Structures are given as structure tokens and as C-alpha cells.
Amino acid sequence: MPELPEVESICAGLRGIALKKKILSANILTDYSLRQKIPRDIVDKASNAKIIKIERRAKYIQIFLDNDVVIIIHLGMSGKVLIKDNDYKYQKHDHFELELEDDVRLIYNDPRRFGLVIYSDKDNLENLAIFKNLGMEPLSEDFTPEKFGLILQNKKQPIKLSLMDNANIVGVGNIYAAESLFLSGISPLRPSNELSEKEIKILHGNIIQVLRNSIKLGGSSLKDYALVNGEKGYFQNNFFVYGRDKENCKICENKIKKIIQAGRTSFYCDNCQK
DNA sequence: AACACGCCCTGCGCGC
DNA sequence: TGCGCGCAGGGCGTGT
């Protein structure tokens, strides 16, 4: 479920319920490794601290505590953070839990275990390996058509791959790469350095637009529930191309094509996108 | 440096 | 109905 809009929606949900609450205990629930092993001392670091801020960075959730510890969560492909109460019974693939005051429990569940739960000292965040090579936040002032163009100008790789590379722009995954390219009339196969100045500007605008629109709808829910309260996001109903191969293009009624790029599926309309 | 590829996992839907 | 296969929203390590 988790590209930028989904992670942003989850953060918003968490803020609503967990902000200013004290962590009574943190519990590691499985012995499995996620992308990394959950550090055992996260239990001591998090217990009895208060949650003062919850922020997204790229596709990571950062939970800031009042003891300068930051809990960092990534959802991988199948991770969820759910809000439960004291009646909750653990489910398969529950890996981590924050038990808060006022009968609130945050449960991290991840069947495929591509996700991540670690912590860091606040002052050391930018030095973390996972944050060191991240590119621009597409919804920040930092992301301008000019900087976007500079990044693309030396890359021969297909534009779709450049969009999905977090060293360039963070948070854009398979869905939003496909959708923003469709809205821009640009084929996912086009070499990055062959986009015109005008196309770069259009694509820049559409990346921002599509991410914002999705956040408004709570992100996209495919088979999993995306939001912390177990409800679904609704942006999937607005997909022009993602997951719509062999269906008709919503603009020209040609059949949507499905191809493989760098091992990932790409969907596009070869009539609307050149 | 830039890029291609395989791998980390479980679950589910499809075709037979 | 049951089974095997392919595929899934991400990221990283290794090779050229």
C-alpha cells in the first residue's frame, strides 16, 4: 500500500490519536527479521516517553519522542500500522507494538517483512544510511522544475525508472509514476534526458497534483486496508492506467498496455503517451 | 557512475 | 476442489 500518499495518510491518522500520548510500553512481538532486525533496545528507548511529533520522510514514518528518540517505520510492500485497544488479540504477522495511555495500541503488521522498524537519536537522523541518499521531497519547496530538469538531463534510463528512484525524488512508487506520466502524455519508456523543457514542467506539475489528490482521498487501497482505522483510501478509483491493462483508456478508449521495466510492471496508453 | 538483475517474504487470484 | 504459478504498493546488494 505504501507510497507517499498512503504514508502521509497514515501519519495523519496517527497524529489524530497518538500525539501527546505517553508510551506505556513498546513490545517486539516476533523474532523474524524485517528488512533489518528490530533493535531490542527500542523497548527501553520508547517506554515511558511521550509522542510529540509524527512526520513523514520519503516513505518513512517518523515518531518523535520527548526523550529525543525517533522511532522510524517503513511499510515495505505489505506493512500496516493499525490503531487498536486493549481488547485486541494479536494477529499473524504482528511484529511490533506501542502500548499508549488511554487504551490505545499501535500495531505494526507486515506479512512480507520488507518493512522496517528502527530508532534513532533525533540529532543523528540525517546521518542514517536509509536517509543519507534521499532525493527531493516532491511536496516541498525544494522540488522545482529546474532542479527536476537537472536531475533528468544526464540520465538515459527510461523516465519511469528515474521517477521511482528515491535518490532523485522520494515517495513516488509504481502507482504514482504511472499516473503522473499518463497525465503528462509521456511514455514511461522515454529516455529521461530526452524530455523537453515543457514536458519536464508538465510532469513536475502532475507529480505534485496526483500526490495531493491522492492524499485528499486517503491514498490508494488495493487489496489491503491502508488507513490506521482500518478504512480504505479511495484514490484507486481514480486510476487512469495503473492496474488497467486491456481495459479502455479513459481518454481515447485505446487498450491500456502493460509492460515490464526493471522488473516492475508499467501501465500506459501508447496513444495518449508518446 | 550508471544501470540491470536477483533477492528478501507471504498471500492471493488465476488457470488448469 | 485443489494445486502450482505468477505476481504484488519497495529497497538493497552485487555484478558489469
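Look a little higher up for the structure.
Everything quoted here is computed from the prediction, not taken from an experiment.

### With respect to the packing of helix α4 (residues 145-152) against helix α7 (residues 197-216)
When two helices pack together, their arrangement is given by the angle between the helix axes and by the axis-to-axis distance. Following both chains from N to C, one finds α4 and α7 inclined at 115°, their axes separated by 9 Å at the closest point. Our classification of the angle between α4 and α7 gives roughly perpendicular. For the element pair α4 and α7, the recorded crossing hand is right-handed. Two secondary-structure elements touch here, α4 through Pro145, Phe148, Gly149 and Leu152 and α7 through Ile200, Lys201, Leu203, His204 and Ile207. Looking at the contact of α4 with α7 residue by residue, the class counts come to six nonpolar, two polar and one charged.

### Quick word on the protein's contact with DNA strand B
Taken together, Lys92, His93, Pro111, Arg112, Arg113, Phe114, Lys155, Lys156, Gln157 and Leu161 make up all the residues around DNA strand B. Separating a sugar or linking oxygen of DNA strand B from a backbone N or O atom of Pro111 is a distance of 3.4 Å. The separation between a base oxygen of DNA strand B and a polar side-chain atom of Arg112 is 2.8 Å. For the surface near DNA strand B, a count of residues per class yields three nonpolar, two polar and five charged.

### Focus: the environment of Glu197
By the element assignment, Glu197 lies in helix α7. You can call Glu197 exposed: its relative accessible area is 73%. The spatial distance from the C-alpha of Glu197 to the C-alpha of Leu100 is 50 Å, given a sequence separation of 97 residues.

### Comments concerning the sheet that holds strand β6 (residues 94-100)
Here we have four strands laid out as an open sheet, ordered β1-β6-β7-β5, and antiparallel in their pairing. The open sheet has two edge strands, β1 (23-28) and β5 (80-84), and neither has a second partner. If you compare each strand with its neighbour and ignore which way they point, the axes differ by 15° on average. Sheet topology note: the β5/strand β7 (residues 104-109) ladder contains five bridges and is antiparallel.

### Points about the nonpolar core
Counting 32 residues, the largest nonpolar core has Phe148, Ile159, Leu163, Val172, Leu203 and Ile207 as its most contacted members. Excluding residues that lie within four positions of it along the chain, Phe148 makes contacts with Met136, Phe143, Leu163, Ile169, Ile200, Leu203, His204 and Ile207. The next biggest cluster of nonpolar side chains, apart from the first, holds 31 residues, and it includes Ala18, Ile51, Ile63 and Leu75.

### Let's talk about α7
End to end, α7 covers 29 Å across 20 residues, agreeing with the expected 28 Å (1.5 Å per residue, within 8%). Residues of α7 that are buried make contact with α1 (4-18), α4, α5 (159-164) and α6 (174-184). Just downstream of α7, Gly218 is the residue with a positive phi angle, here 80°.

### Some thoughts on the packing of aromatic side chains
What describes a pair of aromatic rings is the distance from one ring centre to the other and the angle between the planes of the rings. Per the stated rule, a full pass over the model turns up eight aromatic pairs. A centroid spacing of 5.2 Å and a plane angle of 85° characterise the contact between Tyr60 and Phe131, whose relative ring orientation is edge-to-face. Residue Tyr60 is found in strand β3 (residues 60-65), and its partner Phe131 is found in helix α3 (residues 129-132); the two are separated by 71 residues along the sequence. This pair shows no difference in class: Tyr60 is buried, exactly as Phe131 is. Plain terms: the ring middles of Tyr242 and Phe267 are 5.2 Å apart, the flat faces sit at 70° to each other, and that makes the pair edge-to-face.

### Notes on the side chain of Gln236
Along the chain, Gln236 falls in the loop between α7 and β9 (257-261). Since its relative accessible area comes to 19%, Gln236 is described here as buried. Of note is the side chain of Gln236, whose polar atom sits 2.9 Å from the backbone nitrogen of Ser221. Apart from the residues lying within four places of it in its own chain, the contact partners of Gln236 are Gly219, Ser220, Ser221 and Leu222.

### A look at the pattern of salt bridges
By the definition in use, this model includes 12 salt bridges. Here Lys21 ties to Asp102 by a salt bridge, and the two come within 3.8 Å at their closest N and O atoms. Remark: Asp102 occurs in the loop between β6 and β7 and Lys21 occurs in the loop between α1 and β1; sequence separation between them is 81 residues. The exposure class assigned to Lys21 is buried, which follows from its relative accessible area of 15%. Here Arg57 and Glu137 are joined by a salt bridge, their closest N and O atoms 2.9 Å apart. Of this pair, Arg57 sits in strand β2 (residues 51-57) while Glu137 is found in the loop between α3 and α4, placing the two residues 80 residues apart along the sequence.

### A short note on α4
For α4, the set of buried residues is Phe148, Gly149 and Leu152. For α4, the buried positions fall inside an angular range of 100° around the axis, keeping them on one side. Exposed positions of α4 whose direction lies more than 90 degrees from the buried face are Glu146 and Leu150.

Definitions and limits used
Residues numbered from 1 in each chain as written. Chains lettered and ligands numbered in written order. Predicted model: local features only at pLDDT ≥ 70, side-chain atom pairs only at ≥ 80, totals over all residues. Heavy atoms only, no water. Axes fitted to C-alpha atoms, helices over the stretch in contact; angles between N-to-C directions. Helix = DSSP H or I, 4+ residues; strand = E, 2+ residues; numbered from the N terminus. Parallel < 35°, antiparallel > 145°, perpendicular 65-115°, else oblique. Left-handed = near helix turned anticlockwise from the far one by under 90°. Contact = heavy atoms within 4.5 Å. Nonpolar A, V, L, I, M, F, W, Y, C, P; charged D, E, K, R; others polar. Near = heavy atom within 4 Å. Polar contact = N/O pair within 3.5 Å; in protein donor to acceptor, adjacent residues only side chain to side chain. Buried < 20%, exposed > 50% of the residue type's maximum accessible area, 1.4 Å probe, protein only. Pairing = 2+ DSSP bridges. Core = buried A, V, L, I, M, F, W, Y, C linked by side-chain atoms within 4.5 Å. Expected span 1.5 Å × (residues − 1). Phe/Tyr/Trp six-rings, centres within 6.5 Å; stacked < 30°, edge-to-face > 60°. Salt bridge = Lys/Arg side-chain N within 4 Å of Asp/Glu carboxyl O. Arc of directions from axis to C-beta.

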